[in-house]
Amino acid sequence: MQDVSHATTTTDADAAAPARGRRRTNPLLLLLGAVIVAAAIGWIMYFVQVRRPVQANRDMNSGLVQTVVGLRDARPLKLDPKFVDADGDLVADAPADAKLQVDPPTLVFSFVGTDNPEAYQERFKEFVQHLGARTGKPTEYMLFRSAEEELKALSDGRLHVAGLNTGNVPVAVNQCGFVPICNLASEQGVSTYQMQLIVPADSPIQSVSDLKGKEIALTEAGSNSGFKAPLVLLRDHGLLPGKDFSIRYSGGHDASIAAIASKQYQAAAVASDLLRRAEAENPPRIQKGQYRVLYTSENFPTAGFGYVCNLKPELAQKVKDAFFSFEWKGTGVEREFAASNQTKFAPVSFKNDFALVRRIDDAIRSVSGMEAGGREIDPLTPATNEAAAAAPSTAPAESEASQQPR
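An account of the accompanying structure is given in this report. (Residues numbered from 1 in each chain as written. Predicted model: local features only at pLDDT ≥ 70, side-chain atom pairs only at ≥ 80, totals over all residues. Heavy atoms only, no water.)

Examining the environment of Arg 277
With respect to the element layout, Arg 277 can be found in helix H9 (residues 272–280). Distance in space between the C-alpha atoms of Arg 277 and Asp 254 is 9.6 Å, their sequence separation being 23 residues. (Helix = DSSP H or I, 4+ residues; strand = E, 2+ residues; numbered from the N terminus.)

In structure tokens form, the structure reads like this:
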């Protein structure tokens, strides 16, 4: 027992001796190790909280482009076969079978889905009341926080009368059976606006060609002046998305305009009438001395108003009468559109007035970025296969409020 005890004691002592003589770790090495660990944790957090969501947002935007603009087939947008166009006006006719016509107990109206629909609900309050009085039906305003929600409601039969931004009218006509009857017009009957490319006033960018290598803010894939028209224009100037410039998605014209005023964006595509209204706000979202216009497009029709084609014809006629008999003076509608000099509803022809919009649509429907093999392709040349129908290379904005698209 003594031998065992002695051996044990000796071993403990021997083990303790080196410990007393061990050198302390250099504090700089400890600091370096802590920095490396912190950097690793920071990268993981960045990847999880920032980079992965941005990629998800990019993928979402690519899917949106394909869904809304029709990139999955890259063919000209045509009236869905479920609709009939006997008179050749490119708009669906009312169903010949009375059983397929609808006479809803409550008529539902909406104007341009945005993330702030309550504002438009207030502005169109008097019109909704007028619509109910002229049709003899209870009428309500339905809130939609995106154009996609509004289009789906039209397609599903939950929305009967609507105002749509210019860029989404062709989609609504061809896929939802929407019948445009009027749009926003001045007292002189002018019912058009332009797409404008704007930059901060002191920007070194002086021409469209100077946008090469820059980032351009677009609004969302359904917008005519905020997305489709600028891509076609830039292509005409030899500039292709993902190759010659990158895209930032602002979510809406108001966000793009405000970011140009604060010099957060290098360039943006906006609707001219919305730019005028932003200048007229109190306080103004942007002032004339804060931006320059690089380019102004041809005229486009303003937002379109109409109804779904399967409304009972007598009810559809009453809806038409409601638009053209509505007195704007003193209403929220007048206040909303006063700055852009729009004072009444004017008749519109989808076949004639939206011809340029349809041409833009047919060009933009084949927008793509890279083929699966990585070869660059012209995003506005009609795609010949599924690989060429991929979405454009884009860089989404982090988070900006969206307002009315065009």
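What about unusual backbone geometry?
In the segment running from Asn 282 into Pro 283, the intervening peptide bond is cis, with an omega of 0 degrees. Here Pro 283 lies in the loop between H9 and strand S9 (291–301). Positive phi, close to 65 degrees, is recorded for Lys 263, a residue that is not glycine. Mapping Lys 263 onto the fold places it in the loop between helix H8 (253–261) and strand S8 (267–271). Note on Lys 263: relative accessible area 53%, which makes it exposed. The phi torsion at Asn 341 lies on the positive side, around 60 degrees, for a residue other than glycine. According to the relative accessible area criterion, Asn 341 is partly exposed, its value standing at 46%. (Buried < 20%, exposed > 50% of the residue type's maximum accessible area, 1.4 Å probe, protein only.)

Considering the nonpolar core
Phe 109, Phe 111, Leu 211 and Phe 323 are the most contacted members of the largest nonpolar core, which has 83 residues in total. With six residues, helix H7 (residues 224–236) is the single largest residue contributor to this core. Leave out the neighbours within four places in its chain, and Phe 323 touches Phe 109, Phe 127, Val 161, Ile 181, Cys 182, Phe 305 and Phe 345. If you look at the next biggest cluster of nonpolar residues, it comprises 13 residues, including Ile 198, Ala 261, Ala 268 and Ile 286. (Core = buried A, V, L, I, M, F, W, Y, C linked by side-chain atoms within 4.5 Å. Contact = heavy atoms within 4.5 Å.)

Side note on the pattern of salt bridges
For the structure on display, the rule yields 17 salt bridges. For Arg 248, the salt bridge is made with Glu 215, and the minimal N-O distance between the two is 2.9 Å. A residue pair is termed long-range when its members are at least 10 positions apart, and Arg 248 in strand S7 (residues 246–249) and Glu 215 in strand S6 (residues 215–218) qualify at 33 residues. Glu 215 matches Arg 248 in its accessibility class, with the two residues each being buried. When the shortest N-O distance is used, the salt bridge between Lys 288 and Glu 279 registers 3.4 Å. For Lys 288, a relative accessible area of 59% gives the class exposed. Overlapping salt bridges bring together Arg 123, Arg 277 and Glu 336 as one network. (Salt bridge = Lys/Arg side-chain N within 4 Å of Asp/Glu carboxyl O.)

Digging into the environment of Tyr 120
Looking at where Tyr 120 falls in the secondary structure, it is placed in helix H3 (residues 117–123). Here the alpha-carbon distance between Tyr 120 and Ser 110, two residues ten residues apart in the chain, equals 8.5 Å.

Side note on the packing of H7 against helix H13 (residues 355–364)
The contact between H7 and H13 brings their axes to 9 Å, and the two run at 65 degrees. As far as their axial angle goes, H13 and H7 are roughly perpendicular. Handedness of the H7/H13 crossing: left-handed. Across the interface between the two elements, Asn 224, Phe 227, Lys 228, Ala 229, Leu 231 and Val 232 of H7 pack against Val 357, Ile 360, Asp 361, Ala 363 and Ile 364 of H13. Per-class residue counts for the contact of H7 with H13 are eight nonpolar, one polar and two charged. (Axes fitted to C-alpha atoms, helices over the stretch in contact; angles between N-to-C directions. Parallel < 35°, antiparallel > 145°, perpendicular 65-115°, else oblique. Left-handed = near helix turned anticlockwise from the far one by under 90°. Nonpolar A, V, L, I, M, F, W, Y, C, P; charged D, E, K, R; others polar.)

Considering H7
Of all the bends in H7, the greatest, near 30 degrees, is centred on Pro 230. Among the 13 residues of H7, eleven are classified as buried, and the element is accordingly described as predominantly covered. Residues Asn 224, Ser 225, Gly 226, Phe 227, Lys 228, Ala 229, Pro 230, Leu 231, Val 232, Leu 233 and Leu 234 constitute the buried set of H7. Capping of H7 at its N-terminal end is provided by Ser 223; its side-chain oxygen lies 2.9 Å from the backbone amide nitrogen of Gly 226. (Bend = angle between axes of the 7 residues up to and from the residue. Polar contact = N/O pair within 3.5 Å; in protein donor to acceptor, adjacent residues only side chain to side chain.)

Examining the sheet that holds strand S10 (residues 304–308)
What links the strands of a sheet is backbone hydrogen bonding, and the strands pair in either a parallel or an antiparallel sense. Taken in spatial order, the six strands line up as S2-S1-S3-S10-S4-S11 in an open sheet, and their pairing is mixed. Looking at strand neighbours, the two that pair on one side only are strand S2 (139–141) and strand S11 (344–347), the edges of this open sheet. Within this sheet the neighbouring strands show an average axis-to-axis angle of 30 degrees, counted without direction. As paired strands, strand S4 (residues 178–185) and S11 are joined by four bridges and run antiparallel to one another. (Pairing = 2+ DSSP bridges.)

Comments concerning the packing of helix H5 (residues 147–156) against helix H6 (residues 169–176)
Two elements in contact, H5 and H6, have axes whose closest approach is 10 Å; the angle formed by their N-to-C orientations is 25 degrees. Between H5 and H6, the angle falls in the class roughly parallel. Taken as a pair, H5 and H6 cross one another with a handedness that is right-handed. Counted together, Leu 151, Leu 154 and Ser 155 of H5 and Val 171, Ala 172, Gln 175 and Cys 176 of H6 form the full contact between these two elements.

With respect to the state of the cysteines
As enumerated under the stated definition, the model contains zero disulfides in all. Here Cys 309 is not cross-linked by a disulfide; its sulfur's nearest cysteine counterpart is in Cys 176, at 9.9 Å. Relative accessible area serves as the criterion here: at 7%, Cys 309 is assigned to the buried category. (Disulfide = S-S within 2.5 Å.)

Notes on the packing of aromatic side chains
For the structure on display, the rule yields 22 aromatic pairs. On the basis of an interplanar angle of 5 degrees and a centroid distance of 5.3 Å, the ring pair of Phe 111 and Phe 305 is categorised as stacked. Linking Phe 111 in strand S1 (residues 107–111) with Phe 305 in strand S10, this pair joins segments that are 194 residues apart in sequence. Looking at Phe 111, the relative accessible area reads 1%, which means it is buried. Among the residues examined, Phe 305 registers a relative accessible area of 0% and is labelled buried. Arranged with centres 4.8 Å apart and planes meeting at 35 degrees, the rings of Phe 127 and Phe 323 form a pair that is tilted. One end of the pair, Phe 127, is in helix H4 (residues 125–135); the other, Phe 323, is in helix H10 (residues 313–325), and 196 residues separate them in sequence. Residue Phe 323 is classed as buried on the basis of its relative accessible area, which comes to 1%. Members of the aromatic cluster, each reached through a chain of ring pairs, are Phe 109, Phe 111, Tyr 120, Phe 124, Phe 127, Tyr 141, Phe 305, Phe 323, Phe 326, Trp 328, Phe 337 and Phe 345. (Phe/Tyr/Trp six-rings, centres within 6.5 Å; stacked < 30°, edge-to-face > 60°.)

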